[in-house]
Amino acid sequence: MFSMKKHISALLICFVIATIGKAQQVPSADAVLKEARANAAKENKKGMVIFHASWCGWCRKMDASLNDPSVKNFFDKNYVLTHLTIDESPDKKNLENPGAAELYKKWGGENEGIPFWVIMDKDGNILADSQMEPGKNVGCSAKSEEVAHFIKVLKKTSSINEEEIAKVEERFRKNE
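Computed from a predicted structure; not experimentally measured.

Draft legend 1. Region of the structure containing the overall build of the protein. In terms of helices and strands, the protein carries 7 helices and 6 strands. Expressed as a percentage of its 176 residues, the buried residues of the protein come to 40%. Contacts in the protein between residues far apart in sequence, at least 24 positions, make up 64% of those at least 6 positions apart.

So, in structure tokens, the structure goes:
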């Protein structure tokens, strides 16, 4: 009887550990993008996919800029914002979206640094990215030429007006 209780306890512990592990799994990049594309199609918006990592200060600046009350409405109205985690430190590799690093490379981000972003249509076709030119990722725009590139991309992928342009420019210039 005593060994049966130990056996049941051991099975219960294994079940709990397995359940917790599954509950904490990070979704694959494909799953994240599938949901983002579905939301973009439903809401008639473009998708902005941002490659980032928990340790990245510029990534946090990018998120703070996109969510700043002065510009948040514009971005919410025009884009479905999605994050894919890559390049985590060895002790936080479990935070990475499986398959995200491969997409980052496929979409031209390899050796570009983070944040690296792409804007796509509802079908997943890439319309623009954060490179002013190959090898020059603006990431979280801050300098005037970086912000100018970002606004050029926004003009190409949204219905941004002059007032919104001024607000985006003002907000992102604060990142310098």
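Draft legend 2. Structural context of the nonpolar core. In terms of nonpolar packing, the biggest core is built from 22 residues, with Phe-75, Trp-117, Phe-150, Val-168 and Phe-172 touching the most fellow members. Mapped by element, the contributors of at least two residues to this core are β1 (46-52), α3 (57-66), α4 (72-78), β3 (116-120), α6 (144-157) and α7 (162-173). When residues in this core are grouped by element, the largest group, 5 residues, is from α6. Discounting chain neighbours no more than four positions away, the residues touching Phe-150 are Met-48, Met-62, Leu-66, Phe-75, Trp-117, Ser-141, Val-168 and Phe-172. Counting 18 residues, the second-largest nonpolar core is a separate cluster that includes Val-32, Phe-51, Leu-103 and Trp-107.

Draft legend 3. Local environment of the pattern of salt bridges. Counting across every chain of the model gives 8 salt bridges. In this structure, the salt-bridge partner of Arg-171 is Asp-68, at a minimum N-O distance of 3.0 Å. Placement of Arg-171 in helix α7 and of Asp-68 in the loop between α3 and α4 is noted, with a sequence separation of 103 residues between them. What makes Arg-171 buried here is its relative accessible area of 11%. Between Asp-76 and Lys-72 there is a salt bridge, and its shortest N-O distance comes to 2.9 Å. In this pair, Asp-76 and Lys-72 are both assigned in helix α4, 4 residues apart and thus about one turn of the helix distant.

Draft legend 4. The arrangement of the side chain of Lys-45 in detail. Looking at the secondary structure, you find Lys-45 in the loop between α2 (29-43) and β1. Exposure remark for Lys-45: the relative accessible area of 18% places this residue in the buried category. A polar contact of 2.8 Å, which involves the side chain of Lys-45, links it to the side chain of Glu-43. A distance of 2.5 Å separates the side chain of Lys-45 from the backbone oxygen of Asp-76, its partner in a polar contact. Setting aside anything within four residues of it in sequence, one finds Lys-45 in contact with Ala-40, Asp-76, Lys-77, Asn-78, Tyr-79 and Val-80.

Draft legend 5. Examining the side chain of Asp-129 more closely. Tracing the backbone through its elements, the reader meets Asp-129 in strand β4 (residues 126-129). A polar atom in the side chain of Asp-129 sits 2.8 Å from the backbone nitrogen of Gln-131.

Draft legend 6. Expanded view of the state of the cysteines. Taken as a whole and assessed by the stated rule, the structure comprises 1 disulfide. Paired through a disulfide, Cys-56 and Cys-59 show a sulfur-sulfur distance of 2.5 Å. Every disulfide takes its handedness from the sign of the S-S torsion; for Cys-56 and Cys-59 that torsion is 80°, giving right-handed. You'll find Cys-56 and Cys-59 in the same group, each marked buried. Unpaired in terms of disulfides, Cys-140 finds its nearest cysteine sulfur in Cys-59, a separation of 8.6 Å.

Draft legend 7. The sheet that holds β4, seen in detail. Ordered in space as β2-β1-β3-β4, the 4 strands form an open sheet in which the pairing is mixed. For this open sheet the edge positions go to β2 (79-85) and β4, each flanked by a neighbour on one side alone. Taken over all neighbouring pairs, the strand axes of this sheet differ in orientation by 25° on average, direction set aside. By the bridge criterion, 7 bridges tie β1 to β2 in an arrangement that is parallel. Bridge pairing links Lys-46 to Tyr-79 in β2. In this fold α3 packs onto β1, β2 and β3, with an angle of close to 150° to the strand it touches most, β1. Of the strands in this sheet, β1, β2, β3 and β4 touch α6, which is tilted by about 165° from β4.

Reading guide: rules and limits
Residues numbered from 1 in each chain as written. Predicted model: local features only at pLDDT ≥ 70, side-chain atom pairs only at ≥ 80, totals over all residues. Heavy atoms only, no water. Helix = DSSP H or I, 4+ residues; strand = E, 2+ residues; numbered from the N terminus. Buried < 20%, exposed > 50% of the residue type's maximum accessible area, 1.4 Å probe, protein only. Contact = heavy atoms within 4.5 Å. Core = buried A, V, L, I, M, F, W, Y, C linked by side-chain atoms within 4.5 Å. Salt bridge = Lys/Arg side-chain N within 4 Å of Asp/Glu carboxyl O. Polar contact = N/O pair within 3.5 Å; in protein donor to acceptor, adjacent residues only side chain to side chain. Disulfide = S-S within 2.5 Å. Pairing = 2+ DSSP bridges. Axes fitted to C-alpha atoms, helices over the stretch in contact; angles between N-to-C directions.

Limitation: the analysis is restricted to geometry and does not speak to function.
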